[in-house]
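# Report on the structure
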Number of protein chains: 2
Amino acid sequence: MTKKILLSDGEIPRQWYNAAVDIPGGLNPPLDPVSKQPMGPEKLAPIFPMGLLAQEMSDQRFIDIPQEVLDIYAIWRTTPLVRATNLEKALGTKSKIFFKNESVSPVGSHKANSAVPQAFFNMKEGVKRLSTETGAGQWGCALSFATSKFGLECKVYMVRVSFEQKPYRKSMIQTYGATVIPSPSTDTKAGRDILAEFPDTPGSLGIAISEAVEDAFSRQDTKYALGSVLNHVCVHQSVIGLEAKRQLAMAGETADVIIGCCGGGSNFAGLAAPFLPDYLEGKKIRFIGVEPASCPTLTMGKLAYDYGDVAQSTPLLYMYTLGHGFIPPGIHAGGLRYHGMAPMVSAMVRENIVEPLKVQQLECFEAGVLFARAEGIIPAPETCHAIRAAIIEATRDLKKEQTILFNFSGHGLLDMSSYDKYFAGELHDYDYSEAELTRSLAGLPKI
Amino acid sequence: MTKKILLSDGEIPRQWYNAAVDIPGGLNPPLDPVSKQPMGPEKLAPIFPMGLLAQEMSDQRFIDIPQEVLDIYAIWRTTPLVRATNLEKALGTKSKIFFKNESVSPVGSHKANSAVPQAFFNMKEGVKRLSTETGAGQWGCALSFATSKFGLECKVYMVRVSFEQKPYRKSMIQTYGATVIPSPSTDTKAGRDILAEFPDTPGSLGIAISEAVEDAFSRQDTKYALGSVLNHVCVHQSVIGLEAKRQLAMAGETADVIIGCCGGGSNFAGLAAPFLPDYLEGKKIRFIGVEPASCPTLTMGKLAYDYGDVAQSTPLLYMYTLGHGFIPPGIHAGGLRYHGMAPMVSAMVRENIVEPLKVQQLECFEAGVLFARAEGIIPAPETCHAIRAAIIEATRDLKKEQTILFNFSGHGLLDMSSYDKYFAGELHDYDYSEAELTRSLAGLPKI
């Protein structure tokens, strides 16, 4: 057997899979942040194009991928399914470990899978400019790549501390021709208000979202783009799992355990959701969503309606959340620091289809270094969480022959400063007590 | 037709191609730096293992690739051959442009193709530790990846200015478990001597080579590894061209023009040399070796015996050279700054098989940005030189239907500071007058 199971780019899936249709009990609709009534697409039209809103609320199981999107996907898709033979040897396990290598995209992560259709559907409806936020920088790079393909302008509000600590991300965004500024900025009222009160703030994803949304509301030519959480983003990411299913079948394998790291939830949903129909038909599959102990949304949060940002400007989503006021500790080096979780993933946890697992960051970096030395590719800190979970599963009983599949969501070449901190002993583990989460959870809106 | 032409990893070439056998007029042997007599492998045995020396001086056209090397190659090989359809459209050319994407290796460049067999043949002969130098950092990353695969220790002497300006390269090397220190260092006599005289020196490749060679000579358990120039390195890189030939044939294409950037020469030789037999059988192929105007080895240097390092500690190689004392100007942002050129490439230039071309760095970065926005991948500054030449060929006559193949030797994700300098207007073009090169060329040894 070969190490990499490849499909040609003529075999890219022609349709995305929409798991919302199949999840038992379904998904609760988004609510208007003011009236707290269910929101139709027309209410969201000022910030999203109708093409994406139709996907967001679709009752179709499969959604056609436009040819123009397939043409751009072909730059890097299909992605390899790789048997981690060297990691298996290093662990001494009888399990087979496969990973879907999404790091081969031009921007180094799965984020491009949704950035391209988001840019396309905006372009198609005459939108000239997109605004977005980025934390660690993966999404900002992906969207600026995608907008360069469809001739759109793009403005990225990048959390200031990342802007300063990850200058290469900023450079990539500029190379693709987009504009990137540190957030909070003086370009929006939300930014100016924060700066007036906290001139030295390092910024946060919550603030950057507020700026990007305000930007989109304030200009006719501009709409807003989000890189995770929403249904349409998870739907776009389904290409990952659809390809992986086919590749596993080519190798004569079926997955016993499917693993992904969970920040907003889209890379996990992208890999896992296309296996949901098999699960519902009775096939034994364990789905494990891995989150950092320092941001334990699924393991310690509540399933409730909550805002997507600190400023309470977004629709209310029904999801596992730590409260929109939750601020993860600065000790965590990777992404995965969002207070909420994709409603689609939240519903699969609610239905006990997905097992949430929290892991500590030191064990994740240890797993990442082991993986790099075994398989060559240096994983992004986020991806290290999935690797850690795969190692836990593969070593629980070394003689058990399981087939484990995880999503290698991105490489770490632009996150090497996190590895430096790990080697220098500057990173620490962190566990929340329930009492520590009481305050942010108490801030959940009353519905 | 699909955009990417893929081979499975079961189709990795089983043999390397050794162009030295086919180049008309052959190659001149290396000379002992002291006696100036031809050097047999036994004289080089203290610093290289016999397995590599046998390849260095082989009279075999094809050399078997060990299974252990193929197993590691399978992590990223075969690499895709990609039709740059979006670049073609952006240029408005009728030519077809293909690139061989060597940036998909775990370290982001073609360098891994030689690092793996070098580590393997050393391991096989009981060597426990390798020393090497690295300038921009590509080779240091590749060798530390390779030594991690075969359980060797590795010490990398990294040119100090790069060590400080490219901290992510240092972090990668450490993640793979190797040791990296800035050169000149206090760990070698060569380093101490330089530091005593010039305590604030930024270092140079010539100094770092001297340190790494001294390290290997001074320890029984250690040998030295070089990332370009030598025959065995060019031979290892032939996997690039061997795969590309097969992939072009699958697409029903033959290459009219084959392009690579030239620093030490190994990535260019790796792509081009496997097409040499076709050329010698009468097929019309133009081979273009692209170098920076600020280090014009092939276009303004002399074909002569010269040392590989400033300290005159290496064997004398018969090659195009600007003189071992040549120091390229600091304005150049990329690699490709070596004073010499692989004897194999030099001989192909001597025979008028390869056309040398010098290009300026601003036009190269312009080409790199155009490529990034068209094809998504951000090229390394070195690779931008090949892209620039491909664009020149594709746009000389937009209606001419040529098939152009170039080597996408590496991505630029760890070189984004060079793009920053480009966008900030801090990079400049540079041309040497012949008079400026007189002094370093006068330093060539008398043979």
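What you see is a predicted model; the values in this text were computed from it and never measured.

### Topic: the sheet that holds strand β7 (residues 153-159) of chain B
All names here are of chain B. With respect to topology, four strands assemble into an open sheet ordered β8-β7-β6-β9, the strand pairing being parallel. Lying at the two open borders of the sheet, with one neighbouring strand each, are β8 (179-183) and β9 (222-224). For this sheet the average axis-to-axis angle between neighbouring strands, irrespective of direction, equals 25°. Sheet topology note: the strand β6 (residues 129-134)/β9 ladder contains three bridges and is parallel.

### Concerning the domain arrangement of chain A
All names here are of chain A. Each domain of chain A was delimited in the assignment, giving domain 1 (4-8 + 77-108 + 238-441) and domain 2 (17-65 + 110-231). For domain 1 and domain 2, the distance between their C-alpha centres works out to 22 Å. Of the residues lining the interface, 48 residues belong to domain 1; the matching set on domain 2 comes to 45 residues. Taking both partners together, domain 1 and domain 2 bury about 3600 Å²; carbon and sulfur atoms supply 65% of that area.

### Focus on the packing of helix α16 (residues 361-375) of chain B against helix α18 (residues 416-423) of chain B
Residue and element names in this part refer to chain B. For the pair α16 and α18, the least separation of the axes is 11 Å and the interaxial angle reads 110°. Considered as vectors, α16 and α18 are oriented roughly perpendicular to each other. As α16 packs across α18, the resulting crossing turns out to be left-handed. Residue-level contacts link L362, F365, E366, G368, V369 and R373 of α16 to S418, Y419, Y422 and F423 of α18.

### Things to note about the relation of the copies chain A and chain B
After a rotation of 180° and a shift along the axis of 0.0 Å, chain A superposes on chain B with an RMSD of 0.0 Å. Both copies of the chain, as the preceding transformation shows, are related through a two-fold rotation axis. The residues that chain A uses at the interface reappear at the interface of chain B in 100% of cases, marking a shared surface.

### Some details on the side chain of B:D32
Positionally, B:D32 belongs in the loop between β2 (15-17) and α1 (41-44). Those residues in contact with B:D32 that sit more than four places away from it in its chain are B:Q37, B:M39, B:K43 and B:L316.

### Things to note about the interface of chain A and chain B
With 43 residues of chain A at the contact, the number on the chain B side is 43 residues. Inspection of the region where chain A meets chain B yields two salt bridges. Measuring nitrogen to oxygen at the nearest pair gives 3.3 Å for the salt bridge that ties A:D9 to B:K4. Mapped onto the side of chain A that touches chain B, the elements with two or more residues apiece are α6 (138-150), α8 (167-175), α16 (361-375) and α18 (416-423) of chain A. Looking at the side of chain A that touches chain B, its residues break down into 20 nonpolar, 14 polar and nine charged.

### Some thoughts on the pairing of strand β15 (residues 403-408) of chain B
All names here are of chain B. The buried count for β15 comes to six of six residues, which makes it a mostly enclosed element. The side-chain alternation of β15 yields two buried faces, one formed by T403, L405 and N407 and the other by I404, F406 and F408. One ladder, built from six bridges, connects strand β5 (residues 96-101) with β15; its direction is parallel. The partner of K96 across the bridge, within β15, is T403. Sheet topology note: the strand β10 (residues 257-261)/β15 ladder contains three bridges and is parallel. Bridged to I258 within β15 is L405.

### Re the side chain of B:K155
Along the chain, the position of B:K155 falls in strand β7. Reaching out from B:K155, the side chain makes a polar contact with the side chain of B:D187 at a distance of 2.5 Å.

### Some points on helix α19 (residues 434-442) of chain B
Residue and element names in this part refer to chain B. Among the residues making up α19, those that are buried are L437, S440 and L441. Down the axis of α19, the smallest arc covering the buried residues is 95°, so these residues share one side. In α19, the exposed residues that point more than 90 degrees away from the buried face are A435, R439 and A442. Taken together, the buried residues of α19 touch α14 (297-300), β12 (302-306) and β13 (317-321).

### Considering the sheet that holds β15(B)
Residue and element names in this part refer to chain B. Pairing in this open sheet of seven strands is mixed, and the strands run β1-β4-β5-β15-β10-β11-β14 from one edge to the other. The two strands at the open ends of the sheet, each matched to only one other strand, are β1 (4-5) and β14 (354-359). Summarising the sheet, strand β11 (residues 286-292) and β14 pair through six bridges and their orientation is parallel. Residue pairing for β14: P292 is matched across the bridge by V359.

### Observations concerning the packing of aromatic side chains
Evaluated as defined, the whole model comprises 39 aromatic pairs over all chains. Relative to A:Y422, the ring of A:F365 has its centre 5.4 Å away and its plane inclined at 20°; by these criteria the two rings are stacked. Note that A:F365 is positioned in helix α16 and A:Y422 in helix α18, a separation of 57 residues in sequence. Seen from their ring centres, B:W76 and B:F145 are 6.1 Å apart, and the 70° between their planes marks the pair as edge-to-face. Taken together, the residues B:W76 in the loop between α3 (67-73) and β4 (81-83) and B:F145 in helix α6 (residues 138-150) connect sequence positions 69 residues apart. B:F145 matches B:W76 in its accessibility class, with the two residues each being buried. Of the aromatic side chains, those joined through ring pairs into one cluster are A:Y73, A:W76, A:F145 and A:Y176. In this arrangement the basic side chain of A:K170 is found over the ring face of A:F163, its NZ or CZ atom lying 5.4 Å from the centre.

How each quantity is defined
- Residues numbered from 1 in each chain as written.
- Chains lettered and ligands numbered in written order.
- Predicted model: local features only at pLDDT ≥ 70, side-chain atom pairs only at ≥ 80, totals over all residues.
- Heavy atoms only, no water.
- Pairing = 2+ DSSP bridges.
- Helix = DSSP H or I, 4+ residues; strand = E, 2+ residues; numbered from the N terminus.
- Axes fitted to C-alpha atoms, helices over the stretch in contact; angles between N-to-C directions.
- Domains from an automatic or database assignment.
- Contact = heavy atoms within 4.5 Å.
- Buried area = accessible area lost by both parts, 1.4 Å probe.
- Parallel < 35°, antiparallel > 145°, perpendicular 65-115°, else oblique.
- Left-handed = near helix turned anticlockwise from the far one by under 90°.
- Least-squares fit on C-alpha atoms with pLDDT ≥ 70 in both.
- Salt bridge = Lys/Arg side-chain N within 4 Å of Asp/Glu carboxyl O.
- Nonpolar A, V, L, I, M, F, W, Y, C, P; charged D, E, K, R; others polar.
- Buried < 20%, exposed > 50% of the residue type's maximum accessible area, 1.4 Å probe, protein only.
- Polar contact = N/O pair within 3.5 Å; in protein donor to acceptor, adjacent residues only side chain to side chain.
- Arc of directions from axis to C-beta.
- Phe/Tyr/Trp six-rings, centres within 6.5 Å; stacked < 30°, edge-to-face > 60°.
- Lys NZ or Arg CZ within 6 Å of the ring centre and 35° of its normal.

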